[in-house]
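# Coordinates in review
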Amino acid sequence: MAERTLIIIKPDGIQRRLAGEVISRFERKGLKLVGAKLMQISREQAERHYAVHKGKPFFPRTVEYLSSGPVLAMVWEGDGVIAMSREMMGSTFGAQAKPGTIRGDFSCSPEGINLIHGSDSPPSAEYEIGLYFSPEEMVSYSFADERWVTGKKS
Ligand code: UDP
Ligand code: MG
C-alpha cells in the first residue's frame, strides 16, 4: 500500500472557509483522498494528538486551538505523501512560511495559528491516523489516470 498521512484542516481553516482551497491543492498535486471526517476534536483527543509536545510551553494553547471548533480530518495517500505534504504546508509559523505554501499563502500568524496539520514521519502518521480513523473508514481505490499522474503502471 502507498504511504498515507493525516491532514487536518484546523478550526481557523474551517472558519475562514479555506477547506476547499486546501483540498484543491492536494487534488491538483495528484494525491489521493482515502478518508475524510468533519468533526469536533475533544480536549482529550487533542492532548493525545500533541502528546509529543506535552510539557512544552505552547502545549496548552495548541491543545485548546485544535479543539476550539470543527475540523476536517483527512487521510491522503501517495508515494512520498508525508514529505510532499509537509513541503506543501510550509513551515510552522505563517508569518515565516514561504509564499506558495499553504501556510505561507493564507496565514500571517506568528503564534502558530496555521490552518493545517500534517504528520511529519511514518510512525507519527500511523499513530495520528489511528486517533481519528478506523480501518473501515478509509477506502482503497485506483485512479483511472494513475500512470499519467505518477508514471507507475498500475
Ligand atoms: N506551535 C506553537 N508554538 C510553537 C510550536 C508549535 O503554537 O512554538 C503550535 C502550532 O500550531 C503547530 C503545533 O503547535 O502547528 C504543533 O507544533 P509542531 O512543532 O509539531 O509544528 P507543525 O508540525 O504543525 O509544523
Ligand atoms: Mg508537528
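Please read all numbers here as calculations on a predicted model, not as lab measurements.

Attention now moves to the packing of aromatic side chains. Within this structure, the stated rule accounts for two aromatic pairs. Seen in terms of ring centroids, Phe26 and Trp76 are 5.2 Å apart; in terms of plane orientation they differ by 40 degrees. Their pairing is tilted. With Phe26 in helix α2 (residues 19-29) and Trp76 in strand β3 (residues 70-77), the pair connects residues that are 50 residues apart, well separated along the chain. Between Tyr141 and Phe143 the ring centres are 5.6 Å apart and the planes differ by 80 degrees, which places this aromatic pair in the edge-to-face class. If you follow Lys32 out to its NZ or CZ, it ends over the ring of Tyr141, 5.5 Å from the centre. When the ring centre of Trp148 is taken as reference, the NZ or CZ atom of Arg147 above it lies at 4.8 Å.

Soluble globular proteins tend to bury their nonpolar side chains together. In terms of nonpolar packing, the biggest core is built from 19 residues, with Ile9, Phe26, Met74, Trp76 and Ile116 touching the most fellow members. Going through the elements one at a time, β1 (4-9), α2, β3 and α5 (81-89) are the ones with two or more residues in this core. Those residues in contact with Phe26, other than ones at most four positions away along the chain, are Ile7, Leu31, Trp76, Ser85, Met88, Ile102 and Ile116. Ile8, Tyr50, Val71 and Val75 belong to the second-largest nonpolar core, a separate cluster that totals 18 residues.

Take the site of ligand 1 next. Taken together, 14 residues are adjacent to ligand 1, and His53, Arg86, Thr92, Gly112 and Asn114 come closest. A distance of 3.5 Å separates an oxygen atom of ligand 1 from a polar atom in the backbone of Glu111. Between ligand 1 and Asn114 there is a distance of 2.8 Å, counted from an oxygen atom to a side-chain nitrogen or oxygen. Structurally, ligand 1 is housed in the largest pocket. At three residues, helix α4 (residues 59-66) tops the list of elements feeding residues into the shell around ligand 1. Class assignment for the residues of the shell around ligand 1 results in four nonpolar, five polar and five charged.

All right, on to the sheet that holds β3 then. The four strands are arranged β2-β3-β1-β4 in an open sheet whose pairing can be described as antiparallel. Both edges of this open sheet fall to β2 (32-40) and β4 (116-118), since each of them pairs with a single strand only. Averaged over all pairs of adjacent strands, the angle between their axes in this sheet comes to 20 degrees, without regard to strand direction. The pairing of β2 with β3 spans eight bridges and is antiparallel. The partner of Lys37 across the bridge, within β3, is Ala73.

Reading the values: the criteria
- Residues numbered from 1 in each chain as written.
- Chains lettered and ligands numbered in written order.
- Predicted model: local features only at pLDDT ≥ 70, side-chain atom pairs only at ≥ 80, totals over all residues.
- Heavy atoms only, no water.
- Phe/Tyr/Trp six-rings, centres within 6.5 Å; stacked < 30°, edge-to-face > 60°.
- Helix = DSSP H or I, 4+ residues; strand = E, 2+ residues; numbered from the N terminus.
- Lys NZ or Arg CZ within 6 Å of the ring centre and 35° of its normal.
- Core = buried A, V, L, I, M, F, W, Y, C linked by side-chain atoms within 4.5 Å.
- Buried < 20%, exposed > 50% of the residue type's maximum accessible area, 1.4 Å probe, protein only.
- Contact = heavy atoms within 4.5 Å.
- Near = heavy atom within 4 Å.
- Polar contact = N/O pair within 3.5 Å; in protein donor to acceptor, adjacent residues only side chain to side chain.
- 1 Å grid on protein atoms, 1.4 Å probe; cavity = no way out; pocket = protein on both sides within 12 Å on 5 of 7 lines; lining within 4 Å.
- Sits in = over half its atoms within 2 Å of the grid points.
- Nonpolar A, V, L, I, M, F, W, Y, C, P; charged D, E, K, R; others polar.
- Pairing = 2+ DSSP bridges.
- Axes fitted to C-alpha atoms, helices over the stretch in contact; angles between N-to-C directions.

This is a description of form; function is not addressed.
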